[in-house]
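# Chains, contacts and geometry: an overview
For reference, the chains in residue letters:
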Amino acid sequence: MSKRTERPRRESKSTPREPESTGREAVEGRATAGEGRGTTDPAETRPQPEPAGPEPVQGQDRAASSDSAPGEPINAESDANARVKGADPEGESEPDAGTKPETLTGPSPTIRSDDDVATTGGAEIVAPEPSPEVLATRKGMFGVIGTGDTSGFGGLTRTVEFPASATPPFGGWWDSVYDRIGRLFGEGDDPLEPPGKEPVANYSDVITKVVIHRGEITFHVARERLAELVLHLRDDAYLRFEFCSSVSGVHYPADTGRELHAVYHLQSMTHNRRIRLEVSAPDDDPHIPSVVSTYPTADWHERETYDMFGIVFDGHPALTRILMPDDWPGHPQRKDYPLGGIPVEYKGATVPPPEERRAYS
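## Things to note about the overall build of the chain
Of regular secondary structure, the chain possesses seven helices and 11 strands. Looking at the chain residue by residue over its 361 residues, the buried ones come to 24%. Of the contacts made within the chain by residues no fewer than 6 positions apart, 51% connect residues no fewer than 24 positions apart. For the chain, the exposed surface amounts to about 26400 Å²; the carbon and sulfur share of it is 51%.

## Focus on the side chain of Arg334
You can see Arg334 is positioned in the loop between strand 9 (312-314) and strand 10 (344-346). Polar side-chain contacts of Arg334 include one of 3.3 Å to the backbone oxygen of Phe309. Residues contacting Arg334, with those up to four places away along its chain left out, are His251, Leu260, Asp283, Met308 and Phe309.

## Digging into unusual backbone geometry
Here the bond from Pro168 into Pro169 is cis, since omega is 0°, no more than 30 degrees from zero. Examined against the element boundaries, Pro169 turns out to sit in the loop between strand 2 (157-162) and helix 5 (173-186). Even without being a glycine, Arg214 presents a positive backbone phi close to 55°. Inspection of the secondary structure assignment puts Arg214 in the loop between strand 3 (207-213) and strand 4 (216-221). Residue classification places Arg214 among the exposed residues on the basis of a relative accessible area of 77%. Here the phi dihedral of Asn272 falls at roughly 55°; this positive angle occurs in a residue that is not glycine. Tracing the chain through its elements places Asn272 in the loop between strand 6 (260-268) and strand 7 (273-281).

## Overview of helix 7 (residues 298-309)
The terminal C-alpha atoms of helix 7, which comprises 12 residues, lie 16 Å apart, in line with the 16 Å expected from a rise of 1.5 Å per residue. Of all the positions in helix 7, only Ala298, Glu302, Arg303, Thr305, Asp307, Met308 and Phe309 are classed as buried. Packing partners of the buried residues in helix 7 comprise strand 5 (243-251), strand 6 and strand 9. Backbone geometry just after helix 7 places Gly310 at a positive phi near 85°.

## Concerning the packing of helix 5 against helix 6 (residues 226-235)
Interhelical geometry of helix 5 versus helix 6 gives an angle of 120° and a closest axis separation of 11 Å. Compared by their axis directions, helix 5 and helix 6 come out oblique. Taken as a pair, helix 5 and helix 6 cross one another with a handedness that is right-handed. On the side of helix 5, the interface is formed by Ile181, Leu184 and Phe185, while helix 6 contributes Glu228, Leu229, His232 and Leu233. Partitioned by chemical class, the residues of the contact of helix 5 with helix 6 number five nonpolar, one polar and one charged.

## Comments concerning the nonpolar core
Membership of the largest hydrophobic core comes to 38 residues, with the highest contact counts inside it found for Ile207, Phe219, Leu233, Tyr264, Leu277 and Ile288. Listing elements by their share of this core, those giving two or more residues are helix 5, strand 3, strand 4, helix 6, strand 5, strand 6, strand 7 and helix 7. Those residues within four positions of Leu277 in sequence are excluded, and the remaining contacts are Phe219, Val221, Leu226, Leu229, Val230, Leu233, Ala262, Val263, Tyr264 and Leu266.

## Concerning the packing of aromatic side chains
One pair of aromatic rings is described through two measures. These are the centre distance and the angle between the planes. Going through the model one piece at a time under the given rule, you end up with three aromatic pairs. Ring plane angle 90° and centroid distance 5.2 Å describe the contact between Phe170 and Tyr178, whose orientation is recorded as edge-to-face. A single burial state applies to Phe170 and to Tyr178, both of which are buried. Seen in terms of ring centroids, Trp173 and Trp174 are 6.1 Å apart; in terms of plane orientation they differ by 75°. Their pairing is edge-to-face.

## Some words on the pattern of salt bridges
Considering all chains together, one arrives at 10 salt bridges under this definition. Across the pair Arg258 and Glu133 runs a salt bridge whose closest N-O atoms are separated by 3.1 Å. Within this pair, whereas Arg258 is found in the loop between strand 5 and strand 6, its partner Glu133 is found in strand 1 (residues 133-139), the two being separated by 125 residues in sequence. Overall, the relative accessible area of 30% leaves Arg258 in the partly exposed class. Across the salt bridge formed by Arg234 and Asp235, the nearest N and O atoms sit 2.7 Å from each other. Taken together, the shared-partner salt bridges in this structure form one network comprising Glu133, Asp255 and Arg258.

What counts and what doesn't
Residues numbered from 1 in each chain as written. Predicted model: local features only at pLDDT ≥ 70, side-chain atom pairs only at ≥ 80, totals over all residues. Heavy atoms only, no water. Helix = DSSP H or I, 4+ residues; strand = E, 2+ residues; numbered from the N terminus. Buried < 20%, exposed > 50% of the residue type's maximum accessible area, 1.4 Å probe, protein only. Contact = heavy atoms within 4.5 Å. Areas by Shrake-Rupley, 256 points an atom, 1.4 Å probe, with all protein chains shown as cover. Polar contact = N/O pair within 3.5 Å; in protein donor to acceptor, adjacent residues only side chain to side chain. Expected span 1.5 Å × (residues − 1). Axes fitted to C-alpha atoms, helices over the stretch in contact; angles between N-to-C directions. Parallel < 35°, antiparallel > 145°, perpendicular 65-115°, else oblique. Left-handed = near helix turned anticlockwise from the far one by under 90°. Nonpolar A, V, L, I, M, F, W, Y, C, P; charged D, E, K, R; others polar. Core = buried A, V, L, I, M, F, W, Y, C linked by side-chain atoms within 4.5 Å. Phe/Tyr/Trp six-rings, centres within 6.5 Å; stacked < 30°, edge-to-face > 60°. Salt bridge = Lys/Arg side-chain N within 4 Å of Asp/Glu carboxyl O.

What follows is the structure, given as structure tokens:
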């Protein structure tokens, strides 16, 4: 057999060979080498206790930082030396720099408790909101008194009220319509009378009340001015309410002196506007001027209102009943009309009118 010879190990000139170490030095060496290769020793992943003192701040020597007490924030010394805002008035703005002294602004205005008109420099007087007009309180479904209510709504209570009246300005085109009506009557231009008629001294003699409710406007008109007003509304170029779409009636027994109401819905197709007129009359004098000569579509509407409510439209060409027979007593949609009507027979059994039925309570 040939004898094996070992080649001598060549030493690196760039890196001198370190002596071999054992024990703890060997472990630290392997950890240092692992950091260069991207690996760490398991012992290095264990949590290490925090240092007792703070880290030195950049710009300060270690001696100054080592004098700090353990656990003290590192910015404690810098905060103690910082200038507090407001402590040194030099360069700071005064709190009241932009406020004028009292001698220039003047004393506050004196407001008395008995002032009812807002003055210059005083407090603005806010008008109270108008409250609705309460007419009555109804109980049950039909308001039956003295007999049993078989509708099942005997405990129902409802307040009958009118919306509160509004005062100008109303807003938008409502003001222009209201002002135009006042100007037409104030100038005395009555299209139904010869020229030279006396103007209306008080606007409230024509428009007695204005109500704005649920986004709609209603003009309450004195009945003796109705025929003149609707002709202005139709023919005036600033108004042009050419179409009367509906005439209906309402009965308010609790509205003393104006129990019967006639309601007119007018539309301006020229200006795309809608308004409502409302005229009232008492029970003992249920007469309202007819508007058929101005709005022919109101012919049958006024006949139905007369038939159901008993309002007599003076000047109507043929005011007769349109739904009920000519000899029918009373007007069915009035609140004081009997509820029963005619008893109904069904296979030998008689069903009495509602006001004559027994109570189930």
